[in-house]
Amino acid sequence: MLLIRYGEIGLKGKNRPMFEKKLVYNIRNGLRRAGFKDFRVERKRGRILLSMSSVLDEEKAEAELRKVFGIVAISRVRQANSDIFDIQEVALGLLKGRQAGTFKVETRRTDKRFPLISPEVSRLVGGYVLENTDNLSVDVHHPDVVVDVEIRQEGVYVYTDSIRGIGGLPVGVNGKVHLLLSGGIDSPVAYWMSLKRGVEVEPIHFDSHPFTSERSREKVIDICKVLAGYTPESVALQLVYFTEIHKAIVLDVHADLGVTVMRRMMFRISEQIAKQRNGLALVTGESLGQVASQTLESMAVINDVVRLPVLRPLVGFDKEEIVLRSQNIGTYDISIRPYDDCCSLVVSSSPKTRPNLEQVLKAEEKLDVDGLVAEAIEKTQVIMVDRKGIESD
Amino acid sequence: MAYLDNSATTRPHEEVLRVMWEVYADHYGNPSSIHTRGLEAERIVRGAEEVLADMLNASPEEIIFTSGASEANNIAIQGIAKAYRRKGKHLVTSTFEHSSVLETMKALEKQGFEVTYVNPKANGMVSVKDIGKAIRKDTILVSLMHVNNEIGTIQSIEEIGRILGPGTFLHVDAVQGFGRVPLDVRRMGIDLLSLSGHKIMGPKGIGALYIRQGVRVAPVLYGGGQGHGLRPGTENVPGIRGLAEATRLWEVHGEEWSVRVQGLKEQMIAGLQGVGEIRINGDLERAVPHIVSVSFADVPGEVLVHSLAKEGVFVSTGSACSSKHKGSHVLHAIGLDERFREGTLRVSFSPMNTQRDVEMFLEAIGKVVPLLQKMKRRR
């Protein structure tokens, strides 16, 4: 059995049952999507218990649970009868065969019917383990391992070694957002950061094939595969047909405003998709001052075309931090594959770092903005991506 | 669909697939096994050696099979360097060789060898005189490709063979020439020669190395003694059979195929004349029929390839912008202007291509190039 603890959602007052239900749902769905069949998830007073049919499954499930947002810690648990002798045996079973070291026992007794008080239980269990092993000693200040004994009305649980979960909030409790996903390092991290705050994320990718490689589309799908490991449902990738817009910008917009106009088109399209699909905000992987286009002035001009809030979860990170996170998430190696939009014709050697809104508006007069946006949206494909790849109906 | 990327790889010939199927299904023995099944397999390998030897005017004992030309190049160059290091530590090659030669040379430089890299001329030819000048008393090996893989020029191997003294061996990477252009190792003075199966409608994962009798090559791979101790590992019998079949097909049909392909090349070059600023790279008088290297001014090559692919036309570019330097090392080596280098396509034919393929290519070019040029020039 695994004992799952969650932190933050415990603080959320009246919403708490909803959050808990969502977390249980996410755990169930996640495990099911990972191929687990025989398991039971129960919610009990601020904890979630997961019972599996075999210990081997438990180990594998642990790895899955470490990717579920909202979980703070996971421990392997043995159940004991409400009887001190049985508790002693179970604790010994958990520690026997361990490497030499120190331990201590901590007891919490919420079932006041149990005849011994917590310190007594700790002492008796600790003593029993000491007597029956020859390589363990007690250290109450800095033990190598803590044995937790929880005596509750519904049962007695003995566990050691809790591993940390990723924390955050259960995905879905905060509604849905739409994220602009490129093949690069940043946007997948922004995706992950958004999930962490409990929002469901639908990625939007702008596909300019043949101005970009077909392999860059593959790359985005591969990134979605990794991200789908953190979501309770498969990822609904919105693949926007951007070729015509790309072409129009290159032909009709002055090079140094190209990137700004392109981003504005992307924002317009994203907002419309978000409105159609109940998205409450847009998210980007932008950070401040990393590249020339990511200045406050540039953000303001780009932001001007939308009314939805635009979240930029990476704004406080340095590049190194983003890289590290992307490595931990598992998207880094995909993001650094060489074929992204390196050949993008839009990129100018000297983009305007401080574009002026009036100039940009003037430049856009040459484009049929509404028509281009409508065409791009009409030709947008939704691709459902799960951990193993594209889902076919 | 028009597949015109046959210097990258070819679609295997149906006969090749048929004979390979037979080997996979029926003659699956290990040539080293002493029983009947093993003997059958060994006969297939011996038979293939004969076919290749005939094609090259070599003898069967001079052929070993490898996983491809890259491996053959490695075994040859490293093996000669290792075997003759006491005689000299200098090697000569050109700057537009395949990476399996250039990288091997670089690795040898780190081990204390000296390498002279000769630049080809603007017409895509390495001059015999320049090779002569590069050779020193301690030169143990000259390694040069027979046909350049990006621009198709046929190098003057025979002349180079003639100027080398007895202490200097000649290795030829013949991947793009084998089968398509006559090769005679005796007449041309070639000591070692690498070739590959999948460029001539044979299978992938198979190649061969010719080593003239009397040339010592020290092993760089160790194992069960197959391939005269130079290429250990159970022989890829189906691949070997497939390579032999492809070779046989070229021996029988090669001339007729060359004429056909030359026709396609001329049709293509004529059709390209209307497309504005272009360059055809390499000396056409000294090039193979199956490769056309054409450069368009102010066109990003990679985008052009993607755009053509969308039209169902498959070619390659030497100027993938993911590579660090703009444009290929080959185009760099022949001194092509940067404005053209970026927009270079390599179109390469197999005998299976038709005039319709060329028409499709030209139509697609007419549609795509002007737009890309316009886009590029706006930047």
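Treat the numbers as computed from the prediction; the structure is a model and nothing was measured.

A.B. asks: How should I be thinking about the overall build of chain A in this particular structure?
C.D. replies: When you go through chain A residue by residue, the secondary structure sums to 13 helices and 15 strands. Judged by the C-alpha coordinates and their principal axes, chain A covers about 85 × 35 × 35 Å. Across the 393 residues in chain A, those meeting the buried criterion constitute 55%. Sequence separation of at least 24 residues holds for 79% of the intrachain contacts in chain A that already meet a minimum separation of 6. Surface accessibility of chain A: about 18,200 Å² in total, with carbon and sulfur atoms responsible for 48%.

A.B. asks: Hey, could you run me through the nonpolar core in this one?
C.D. replies: General note: in soluble globular proteins, nonpolar side chains tend to be found buried as a group. Formed by 57 residues in total, the largest nonpolar core has its most connected members in L56(B), F65(B), I190(B) and L193(B). Both of domain 1 (2-7 + 254-378) and domain 2 (14-249) of chain B provide at least three residues apiece to this core. Contacts of L56(B), omitting those with residues within four sequence positions, involve I63(B), F178(B), L183(B), D184(B), V185(B), L193(B), L195(B) and Y210(B). Formed by 36 residues, the second largest nonpolar core is a distinct cluster that contains I185(A), W192(A), F317(A) and V385(A).

A.B. asks: Just checking my understanding: could you explain helix α3 (residues 84-95) of chain A for this structure?
C.D. replies: The α-helix winds at 3.6 residues per turn, so residues separated by three or four positions along the chain end up facing the same way. Residues and elements named next belong to chain A. The terminal C-alpha atoms of α3, which comprises 12 residues, lie 17 Å apart, in line with the 16 Å expected from a rise of 1.5 Å per residue. Where α3 is concerned, the buried positions are I84, I87, Q88, V90, A91, L92, L94 and L95. Among the structural elements, β4 (73-80), β5 (101-109), α4 (118-132), β6 (136-138), β7 (145-152) and β8 (155-164) are those in contact with the buried residues of α3. Two or three places before F85, at the opening of α3, D83 has a side-chain oxygen 2.9 Å from that residue's backbone nitrogen. Directly beyond the C-terminal end of α3, a positive phi value near 85° is found at G97.

A.B. asks: Could you clarify how one ought to interpret a nonpolar patch on the surface in this entry?
C.D. replies: Residue and element names in this part refer to chain A. A grouping of L130, V138 and V140 is seen on the molecular surface, where their side chains present a nonpolar patch of about 230 Å² in accessible area. When you line up the elements, V140 lands in the loop between β6 and β7. For V140, a relative accessible area of 48% gives the class partly exposed.

A.B. asks: Before we go on, may I ask you to explain the packing of helix α7 (residues 243-252) of chain A against helix α12 (residues 355-378) of chain B in this structure?
C.D. replies: The description of two helices packed together rests on the angle between their axes and the distance between the axes. Look at α7(A) against α12(B): their axes get within 8 Å of each other, and the N-to-C directions meet at 55°. On the basis of the axis angle, α7(A) is oblique to α12(B). In terms of crossing hand, the pair formed by α7(A) and α12(B) is left-handed. Between α7(A), through H246(A), K247(A), V250(A), L251(A) and D252(A), and α12(B), the contact on the second element is made entirely by L371(B), K374(B), M375(B) and R378(B). Its residues placed into classes, the contact of α7(A) with α12(B) shows four nonpolar, one polar and four charged.

A.B. asks: Honestly, the environment of I4(A) in this entry has me stumped. Any pointers?
C.D. replies: Residues and elements named next belong to chain A. With respect to the helices and strands, the residue I4 is situated in strand β1 (residues 2-5). For the pair I4 and D86, spaced 82 residues apart in the sequence, the C-alpha separation amounts to 23 Å. Residues in contact with I4, not counting those within four places in the same chain, are I27, R47, I48, L50, L65, I71 and A73.

A.B. asks: I'm lost on α12(B) in this one. Help?
C.D. replies: The terminal C-alpha atoms of α12(B) lie 35 Å apart, and with 24 residues this matches the ideal 34 Å at 1.5 Å per residue to within 8%. For α12(B), every residue scored as buried is listed here: D357(B), V358(B), M360(B), F361(B), A364(B), I365(B), V368(B), V369(B), L372(B), Q373(B) and M375(B).

A.B. asks: Would you mind going over the domain arrangement of chain A with me for this structure?
C.D. replies: Interfaces are often sized by the accessible area lost when the parts come together. Residue and element names in this part refer to chain A. Domain boundaries assigned for chain A yield domain 1 (2-164) and domain 2 (176-390). For domain 1 and domain 2, the distance between their C-alpha centres works out to 43 Å. At the interface, 10 residues of domain 1 touch 13 residues of domain 2. Where domain 1 touches domain 2, the interface holds nine residue pairs in polar contact (both at pLDDT 80 or more). Ranked by the residues each element gives to the side of domain 1 that touches domain 2, the list is headed by helix α1 (residues 16-33), at five residues. Counted by class, the side of domain 1 that touches domain 2 contains three nonpolar, three polar and four charged residues.

A.B. asks: How should the pattern of salt bridges be read in this particular structure?
C.D. replies: Once their charged atoms are close, side chains differing in charge can pair, the charge on each being opposite to the other. All names here are of chain A. Counted according to the given criterion, the structure contains 53 salt bridges over all chains. E20 is the partner of R16 in a salt bridge, and the nearest nitrogen-oxygen pair spans 3.0 Å. Linking R16 with E20, this pair stays in helix α1, spanning four residues, or about one helical turn. For E20, a relative accessible area of 7% corresponds to the buried category. The salt bridge partner of E271 is K275, with a shortest N-O separation of 4.0 Å.

A.B. asks: Whenever I open this one, the confidence of the model for chain B confuses me. Can you help?
C.D. replies: For any part of a model where pLDDT is low, the fine detail of the predicted coordinates should not be relied upon. Residues and elements named next belong to chain B. Predicted confidence across chain B gives a mean pLDDT of 94, with 97% of residues reaching 70 or more. Under a pLDDT of 50 for its full length, residues 320-324 has, in the predicted model, seven contacts with residues more than four places off or in other chains. Interface scoring of the predicted complex returns ipTM 0.78; its pTM is 0.83.

What counts and how
Residues numbered from 1 in each chain as written. Chains lettered and ligands numbered in written order. Predicted model: local features only at pLDDT ≥ 70, side-chain atom pairs only at ≥ 80, totals over all residues. Heavy atoms only, no water. Helix = DSSP H or I, 4+ residues; strand = E, 2+ residues; numbered from the N terminus. Buried < 20%, exposed > 50% of the residue type's maximum accessible area, 1.4 Å probe, protein only. Contact = heavy atoms within 4.5 Å. Areas by Shrake-Rupley, 256 points an atom, 1.4 Å probe, with all protein chains shown as cover. Core = buried A, V, L, I, M, F, W, Y, C linked by side-chain atoms within 4.5 Å. Domains from an automatic or database assignment. Expected span 1.5 Å × (residues − 1). Polar contact = N/O pair within 3.5 Å; in protein donor to acceptor, adjacent residues only side chain to side chain. Patch = residues over 30% accessible without salt bridge, like charges linked within 9 Å, V, L, I, M, F, W, Y side chains within 5 Å. Salt bridge = Lys/Arg side-chain N within 4 Å of Asp/Glu carboxyl O. Axes fitted to C-alpha atoms, helices over the stretch in contact; angles between N-to-C directions. Parallel < 35°, antiparallel > 145°, perpendicular 65-115°, else oblique. Left-handed = near helix turned anticlockwise from the far one by under 90°. Nonpolar A, V, L, I, M, F, W, Y, C, P; charged D, E, K, R; others polar. pLDDT = per-residue confidence, 0-100.

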